[in-house]
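Chain residues, written in single-letter form:
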Amino acid sequence: MSDFTLSDLEAIVAARAKASPDESWTAKLVAHGQAKAAKKLGEEAVETVIAAISNDRANLVAESADLIYHLMVVLKIADIPLQDVMNELERRTSQSGLQEKASR
Ligand SMILES: N=c1c2ncn([C@@H]3O[C@H](COP(=O)(O)OP(=O)(O)OP(=O)(O)O)[C@@H](O)[C@H]3O)c2ncn1[C@@H]1O[C@H](COP(=O)(O)O)[C@@H](O)[C@H]1O
């Protein structure tokens, strides 16, 4: 089993963001700015939804990878460390999603 983590991907995205846009998709997205990167994230989200409701397991894995990678690029452009998202997810472990919804 691979020990590749989202933290590893975050480091790759940070390094490639500094590359030439001619040789890196990451750098190209960063150069275009958040509107373009976020639009791409939205497209990958829709493609993930389609794969999920099509019961297409292989495509769902591939589209999920596209989605997560593009989310990492959007977070990079927004200057939000992955750790901030992990901290928020950890904070939420103290109660169930249904409890949280009922408390609003
Ligand atoms: N995980 C990814 C990753 N997933 C998807 N993509 C790219 O995202 C782009 C858009 O994906 P699509 O499938 O939507 O491509 P498309 O349909 O041709 O796009 P459109 O023309 O329709 O907009 C493609 O160029 C994919 O290769 C990725 N590009 C990079 N990474 C990671 O980032 C690293 C650095 O990549 P570069 O920044 O390109 O050097 C790579 O080694 C990977 O680890």
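Residues numbered from 1 in each chain as written. Predicted model: local features only at pLDDT ≥ 70, side-chain atom pairs only at ≥ 80, totals over all residues. Heavy atoms only, no water.

If you check an unreviewed UniProt entry, the chain appears there as Phosphoribosyl-ATP pyrophosphatase from Pararhizobium polonicum. In the Catalytic activity (unreviewed entry) part of its UniProt record, the chain is described as follows: "1-(5-phospho-beta-D-ribosyl)-ATP + H2O = 1-(5-phospho-beta-D-ribosyl)-5'-AMP + diphosphate + H(+)". Looking at the chain in UniProt, the text filed under Pathway (unreviewed entry) is "Amino-acid biosynthesis; L-histidine biosynthesis; L-histidine from 5-phospho-alpha-D-ribose 1-diphosphate: step 2/9." (UniProt positions renumbered as here; feature names shortened; annotations may be inferred.)

(A) Structural context of a nonpolar patch on the surface. A cluster of nonpolar residues, Ile-80, Val-85, Met-86 and Leu-89, forms a patch on the protein surface that exposes about 300 Å² of accessible area. Tracing the sequence through the fold places Ile-80 in the loop between α4 (57–77) and α5 (82–92). Residue Ile-80 is classed as partly exposed on the basis of its relative accessible area, which comes to 37%. (Patch = residues over 30% accessible without salt bridge, like charges linked within 9 Å, V, L, I, M, F, W, Y side chains within 5 Å. Areas by Shrake-Rupley, 256 points an atom, 1.4 Å probe, with all protein chains shown as cover. Salt bridge = Lys/Arg side-chain N within 4 Å of Asp/Glu carboxyl O. Helix = DSSP H or I, 4+ residues; strand = E, 2+ residues; numbered from the N terminus. Buried < 20%, exposed > 50% of the residue type's maximum accessible area, 1.4 Å probe, protein only.)

(B) How the structure looks around the packing of helix α3 (residues 34–53) against α4. Interhelical geometry of α3 versus α4 gives an angle of 160° and a closest axis separation of 8 Å. Between α3 and α4, the angle is such that the two are roughly antiparallel. Every pair of crossing elements has a handedness; the one defined by α3 and α4 is left-handed. Mapping the contact onto sequence places Gln-34, Ala-37, Ala-38, Lys-40, Leu-41, Glu-44, Ala-45, Glu-47, Thr-48, Ala-51 and Ala-52 in α3 and Asn-59, Leu-60, Glu-63, Ser-64, Asp-66, Leu-67, His-70, Leu-71, Val-73, Val-74 and Ile-77 in α4. For the contact of α3 with α4, the per-class residue count stands at 12 nonpolar, 5 polar and 5 charged. (Axes fitted to C-alpha atoms, helices over the stretch in contact; angles between N-to-C directions. Parallel < 35°, antiparallel > 145°, perpendicular 65-115°, else oblique. Left-handed = near helix turned anticlockwise from the far one by under 90°. Contact = heavy atoms within 4.5 Å. Nonpolar A, V, L, I, M, F, W, Y, C, P; charged D, E, K, R; others polar.)

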